[in-house]
Amino acid sequence: PDSFVFRESQKRIEKGVDYKYYLQAENTEMLKKINEVLLILKKRGKKVVVRPHPLYSENSKIESIFRGITIENTREINIEDSILETKYVISLYSTVLFQAYINDVKIVVDDYTNPNVYKALKQLDYIIINKKNTKLSQIVKQFIDYA
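Everything quoted here is computed from the prediction, not taken from an experiment.

Caption draft 1: Inspection of the environment of Ile127 at higher detail. The residue Ile127 is located in the loop between α5 (115-123) and β6 (134-135) in this model. Classification of Ile127 by relative accessible area gives partly exposed; the value is 43%. Taking the C-alpha atoms as reference, Ile127 lies 8.5 Å from Phe98; in sequence the two are 29 residues apart.

And the structure:
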């Protein structure tokens, strides 16, 4: 839909964030795995941010788990600017992945924190799986092997 295509003036936003994880309704175990990944990236000099889901994320839980990681304020930064300031958008199956893809922002599909859901999405022929993307497991392996 046209509403997914951001205005040209927005597309001039500087890419100040390397990796941004867009949360959905993850359980505590998944949030901790996501935090571990972001900390690995941060320790390797990457600028990382986590964006809670405005409806489904429990902010108190997010704040207690993601210590040392920038948590984006969804009331201050709209989704369009959030996506466009980011080099790599990460999520499992959020609409944000498609929005990023449509607007030429690189996407990373999270096959790492919940492999079973990823496998189910693959079997269901989730549209983003067939688009050019990177898998989160590849990034984790790259940065762990780099250590």
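Caption draft 2: Region of interest: the sheet that holds strand β5 (residues 106-109). Read from one edge to the other, the open sheet built from six strands follows the order β3-β2-β1-β4-β5-β6, with strand pairing classed as parallel. Either end of the sheet is taken by a strand with one partner, and the two such strands are β3 (70-71) and β6. For strand β2 (residues 48-51) and β3, the ladder comprises two bridges, and the chain directions are parallel. Opposite Val50, over in β3, you have Ile71 as the bridge partner. Packing of helix α1 (residues 28-43) onto the sheet brings it into contact with β1 (17-22) and β2, and relative to β2 it is tilted by some 155°.

Caption draft 3: Spotlight on a nonpolar patch on the surface. A cluster of nonpolar side chains, namely Val5, Tyr101 and Ile102, defines an oily patch on the protein surface of about 220 Å² accessible area. Inspection of the secondary structure assignment puts Ile102 in helix α4 (residues 95-102).

Caption draft 4: Fine view of the pairing of β2. Side chains of β2 alternate between two faces, with Val48 and Val50 and Val49 and Arg51 buried alike. Handedness of the β-α-β unit built from β1, α1 and β2 comes out right-handed. Note that the unit made of β2, helix α2 (residues 59-65) and β3 has a crossover that is right-handed.

Caption draft 5: Fine view of the packing of aromatic side chains. For the coordinates displayed, the defined rule picks out two aromatic pairs. An angle of 20° between the planes, with centres 5.0 Å apart, marks the rings of Tyr19 and Tyr88 as stacked. With a gap of 69 residues between them, Tyr19 in strand β1 and Tyr88 in strand β4 (residues 86-91) connect regions that are remote in the sequence. A centroid spacing of 6.5 Å and a plane angle of 25° characterise the contact between Phe98 and Tyr101, whose relative ring orientation is stacked. Placement of the pair is Phe98 and Tyr101 together in helix α4, with a separation of three residues, close to one helical turn. The residue whose ring lies beneath Lys33 is Tyr112, and the NZ or CZ to ring-centre distance is 5.3 Å.

Definitions and cut-offs
Residues numbered from 1 in each chain as written. Predicted model: local features only at pLDDT ≥ 70, side-chain atom pairs only at ≥ 80, totals over all residues. Heavy atoms only, no water. Helix = DSSP H or I, 4+ residues; strand = E, 2+ residues; numbered from the N terminus. Buried < 20%, exposed > 50% of the residue type's maximum accessible area, 1.4 Å probe, protein only. Pairing = 2+ DSSP bridges. Contact = heavy atoms within 4.5 Å. Axes fitted to C-alpha atoms, helices over the stretch in contact; angles between N-to-C directions. Patch = residues over 30% accessible without salt bridge, like charges linked within 9 Å, V, L, I, M, F, W, Y side chains within 5 Å. Areas by Shrake-Rupley, 256 points an atom, 1.4 Å probe, with all protein chains shown as cover. Salt bridge = Lys/Arg side-chain N within 4 Å of Asp/Glu carboxyl O. Right-handed = clockwise from strand over helix to strand, strands pointing away. Phe/Tyr/Trp six-rings, centres within 6.5 Å; stacked < 30°, edge-to-face > 60°. Lys NZ or Arg CZ within 6 Å of the ring centre and 35° of its normal.

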